[in-house]
Amino acid sequence: ARGRLVRQAAPAAAVVALGLERPPSAAAREWISGRSEAGKAKNGDPAGTKKDPRYLRCLNNCLPNCLGGPSGEQREKSECLQACQDECCETYEQCSYKVIKD
């Protein structure tokens, strides 16, 4: 039990000691490996993938707000796509794929 407690507390202590404090949401989305904790989806279920309806809905709602209207500040679509991906992603697959094709 003590070893597990040390393994859980060590990263947090290192962040505080180095002054690298991050908002809780950024810390929760730190991906150390490409493997999902839940494992693979069953029977073609798109949940957690880049084709997840919740994720796509979030992107569709975020993009117009980010781009701005004719009277607001205009931003590049590529910049907005990356910002919206960062805001909407919940899994490694959603956060790591390239939204903008080169």
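Model, not experiment: these values are computed from the prediction. (Residues numbered from 1 in each chain as written. Predicted model: local features only at pLDDT ≥ 70, side-chain atom pairs only at ≥ 80, totals over all residues. Heavy atoms only, no water.)

## Focus on helix α4 (residues 77–88)
(1) Moving on: Helix length check: α4, at 12 residues, gives a terminal C-alpha distance of 16 Å against a target of 16 Å (1.5 Å per residue), a fit within 8%.
(2) Moving on: Taken as a whole, α4 has its buried residues at Cys80, Cys84, Gln85 and Cys88. Each buried residue of α4 sits inside an arc of 135 degrees when the element is viewed along its axis, so together they form one side.
(3) Moving on: The secondary structure elements touched by the buried residues of α4 are α3 (53–67) and α5 (92–96). (Helix = DSSP H or I, 4+ residues; strand = E, 2+ residues; numbered from the N terminus. Expected span 1.5 Å × (residues − 1). Buried < 20%, exposed > 50% of the residue type's maximum accessible area, 1.4 Å probe, protein only. Arc of directions from axis to C-beta. Contact = heavy atoms within 4.5 Å.)

## So, α3
(1) Moving on: Compared with an ideal rise of 1.5 Å per residue, which puts 15 residues at 21 Å, α3 spans 22 Å between its outermost C-alpha atoms and is within 8% of the ideal.
(2) Moving on: Of the positions making up α3, those classed as buried are Tyr55, Leu59, Cys62, Leu63 and Cys66. For α3, the angular spread of the buried residues around the axis is 110 degrees, confining them to a single face. Among the exposed residues of α3, those oriented more than 90 degrees off its buried face are Arg54, Asn60 and Asn65.
(3) Moving on: Considering only its buried residues, α3 is in contact with α4 and α5.
(4) Moving on: Put simply, Asp52 is the residue that caps the front of α3, since its side-chain oxygen is 3.1 Å from the backbone nitrogen of Arg54.
(5) Moving on: Looking one or two places after α3, you find Gly68, whose phi comes out positive at around 85 degrees. (Polar contact = N/O pair within 3.5 Å; in protein donor to acceptor, adjacent residues only side chain to side chain.)

## Observations regarding the nonpolar core
(1) Moving on: If you look at the biggest cluster of nonpolar residues, it comprises nine residues: Tyr55, Leu59, Cys62, Leu63, Cys66, Cys80, Cys84, Cys88 and Cys89.
(2) Moving on: Counting residues per element, the ones that place at least two in this core are α3 and α4.
(3) Moving on: Here this core takes five residues from α3, the largest share from any one element. (Core = buried A, V, L, I, M, F, W, Y, C linked by side-chain atoms within 4.5 Å.)

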